[in-house]
Amino acid sequence: MPYLIVFLLALLFTYRYDIKKYAQRKETAYFILFLAAVLLAGCRYVVGGDTVRYMRYWDEYPKFGEGNIFYEARFDPLWTLLSVACKSICDDFVFFQFVHAILLNAILFYGVFKKQDFFKEKRFTVVLFYFVYYFLYFNMEVLRESLAVAVILLGFPYLNNHKWLNYYLFFTIAFLLHSSAIIAVFFPFLWNKRLTKIKVVACCLIAVAVFTFLGELLKYLPITEMLMFKYDLYVDAGMNANGKILRFVLYIFIPLMLIYINDNLLRRKSSVYSRFYMIFIFVASISIANTAFGGRFLNYVCMLMIGYYVYILYNISKSRYFEGIKKIVVLLLIVCPLGYNYRIYFENHSYILKGAKGSFRWYPYTNIFQRGAPEIEKLVSDREYYVDMLMFNQRK
């Protein structure tokens with residue numbers, strides 16, 4: 001029910017402010033969505049697969065004054081510092097949840113969606129799709145990486161204005177939060193580069209070649225232990241030939257078709273988004289070469305993907321090119337990605353826990369005010385077992 005309420009609010013405000021263009025109480029509505037995001041993430045009680053693990057790690061963190069907080073640290077320095085600081089203030093993991101939810105969503109809602117040219121024109125629609133596609137993932141799963149992604153997004157305006165020092169300052173902060181942010185070190189070299197067929201093919205071939213020989217290359221590069229650990233963890237998570245073809249279709253062919261439709265057929269090429277094309281192709285190429293690395297790196301461009309997706313939807317809805325079938329085209333562009341994305345929620349996981357679906361990590365939603373209730377504690381215990389066994393099966 002909480003998920004449905006937030007979705008309906010976002011849908012209502014999208015219709016009112018982005019489609020009908022009303023101005024009355026616009027900022028109040030936007031704040032309500034921000035508050036809903038914070039409360040939904042902050043008030044959860046053992047909701048999310050990675051949240052289960054982060055709650056366990058929480059017990060291992062010291063407080064300030066209890067020795068070297070970075071000694072044998074499991075995670076990157078700034079994340080460790082943030083965790084220790086929160087635990088020094090309050091022992092309860094719920095406090096940390098709220099701090100994380102406020103930080104992440106304040107950056108996204110007020111530092112990114114509201115201010116940046118990629119998002120601000122249709123920010124309510126962007127927020128709607130953020131809730132639909134990435135809210136659970138960023139707020140309840142990849143907690144460390146989502147903060148790093150948010151910080152990189154804050155740096156994009158400086159990238160756009162060629163203020164390299166400012167951009168790399170944000171990059172450094174992001175990297176110290178999560179080492180996967182290393183991908184963003186290459187973004188200035190690809191920003192505003194013209195998209196061509198040769199460059200697309202070259203990106204794909206280079207990505208496959210690099211990941212074929214990456215293990216040998218890393219032996220001669222000065223990298224951190226954390227990066228080497230991540231490499232060892234993800235190096236074997238590649239796909240077979242069929243999987244690589246599927247990834248090519250999803251992350252290269254379909255996006256290129258949408259770019260062609262928008263830029264050539266609709267003639268609505270954006271000087272804002274076109275600067276980002278080669279960055280996306282670069283990251284998407286990595287997702288073909290290695291599933292795990294590519295999936296991680298795609299997180300750093302996913303919000304730009306949503307912004308561009310929203311931009312195309314509105315362009316099609318206003319264009320005469322698809323006259324007579326505009327509603328069908330827009331509906332297909334919304335329904336097809338949703339169907340593909342949400343298929344995991346309906347997967348049968350009875351082999352792990354009787355009657356469990358893929359959505360059991362997040363549904364039913366349990367909140368902190370239900371702690372201690374026997375039926376909730378039983379549900380939470382089942383969820384913890386489910387998450388542990390799911391991770392075990394994924395590593396087999």
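What you see is a predicted model, and the numbers here were worked out from it, not measured in a lab.

Rules behind the numbers
- Residues numbered from 1 in each chain as written.
- Predicted model: local features only at pLDDT ≥ 70, side-chain atom pairs only at ≥ 80, totals over all residues.
- Heavy atoms only, no water.
- Helix = DSSP H or I, 4+ residues; strand = E, 2+ residues; numbered from the N terminus.
- Phe/Tyr/Trp six-rings, centres within 6.5 Å; stacked < 30°, edge-to-face > 60°.
- Buried < 20%, exposed > 50% of the residue type's maximum accessible area, 1.4 Å probe, protein only.
- Salt bridge = Lys/Arg side-chain N within 4 Å of Asp/Glu carboxyl O.
- Patch = residues over 30% accessible without salt bridge, like charges linked within 9 Å, V, L, I, M, F, W, Y side chains within 5 Å.
- Areas by Shrake-Rupley, 256 points an atom, 1.4 Å probe, with all protein chains shown as cover.
- Lys, Arg positive; Asp, Glu negative; His and termini not counted.
- Charge placed at Lys NZ, Arg CZ, Asp CG, Glu CD.
- Contact = heavy atoms within 4.5 Å.
- Axes fitted to C-alpha atoms, helices over the stretch in contact; angles between N-to-C directions.
- Parallel < 35°, antiparallel > 145°, perpendicular 65-115°, else oblique.
- Nonpolar A, V, L, I, M, F, W, Y, C, P; charged D, E, K, R; others polar.

**Student:** I would appreciate a short explanation of unusual backbone geometry in the present structure.
**Tutor:** Peptide bonds are, in most cases, trans, and in most cases residues other than glycine have a negative phi. Each neighbour pair has its own omega, and for Tyr363 with Pro364 the value is 5°, a cis peptide bond. Relative to the helices and strands, Pro364 is located in the loop between helix 16 (326-341) and helix 17 (374-395). The residue Arg25 is not glycine, and still its phi comes out positive at about 60°. The phi dihedral of Val46 is positive, around 55°, even though this residue is not glycine. Examined against the element boundaries, Val46 turns out to sit in the loop between helix 2 (26-42) and helix 3 (49-58).

**Student:** In this structure, what is going on with the packing of aromatic side chains? I would like to understand it.
**Tutor:** Centre-to-centre distance and the angle between the planes together describe a pair of aromatic rings. This model, assessed by the stated rule, comprises 52 aromatic pairs. Between Tyr54 and Trp79, the aromatic rings sit 5.6 Å apart at their centres with planes inclined by 50°, giving tilted as the arrangement. Highlighted residues: Tyr54 in helix 3 and Trp79 in helix 4 (residues 77-89), separated in sequence by 25 residues. Look at Trp79 and you get buried, because its relative accessible area is 1%. Between Phe93 and Phe96 the ring centres are 5.7 Å apart and the planes differ by 35°, which places this aromatic pair in the tilted class.

**Student:** In this structure, what is going on with the pattern of salt bridges? I would like to understand it.
**Tutor:** Once their charged atoms are close, side chains differing in charge can pair, the charge on each being opposite to the other. Under the definition given, this model contains 10 salt bridges. Put simply, Asp50 and Arg53 hold a salt bridge, and the shortest N to O gap is 2.3 Å. A residue pair is termed a helical-turn pair when its members lie 3 or 4 positions apart in one helix, as Asp50 and Arg53 do in helix 3 at 3 residues. The exposure class of Asp50 is buried, given its relative accessible area of 17%.

**Student:** Even after reading the chapter, I still don't get a nonpolar patch on the surface, so can you show me in this structure?
**Tutor:** Residues Met1, Leu4, Ile5, Phe7, Leu8 and Leu11 make up a contiguous nonpolar surface patch of roughly 560 Å² in combined accessible area. Looking at the element boundaries, Leu8 is found in helix 1 (residues 2-19). Look at Leu8 and you get partly exposed, because its relative accessible area is 43%.

**Student:** It is not clear to me how a positive patch on the surface should be interpreted in this structure. Could you clarify?
**Tutor:** Positive charge collects at one region of the surface, where Lys193, Arg194, Lys199 and Lys269 lie side by side. Its relative accessible area of 56% is what places Lys269 among the exposed residues.

**Student:** What's the story with the environment of Arg123 in this structure? I'm lost.
**Tutor:** Its place among the elements puts Arg123 in helix 6 (residues 123-140). Judged by relative accessible area, which is 7%, Arg123 ranks as buried. Once the C-alpha coordinates of Arg123 and Thr14 are considered, the two residues, 109 residues apart in sequence, prove to be 8.4 Å apart. Sequence-distant contacts of Arg123, that is, excluding residues within four places in its chain, are made with Asp18, Lys26, Glu27, Tyr30, Phe113 and Lys114.

**Student:** Where do I start with the packing of helix 6 against helix 7 (residues 143-160) in this structure?
**Tutor:** Packed helices, taken two at a time, are described by the angle their axes make and the gap between the axes. At a minimum axis separation of 6 Å, helix 6 and helix 7 run at an interaxial angle of 115°. Considering their axes alone, helix 6 and helix 7 lie roughly perpendicular with respect to each other. Touching Phe138, Asn139 and Met140 of helix 6 are Leu143, Ser146 and Val149, all from helix 7. The residue inventory of the contact of helix 6 with helix 7, partitioned by class, reads 4 nonpolar, 2 polar and no charged.

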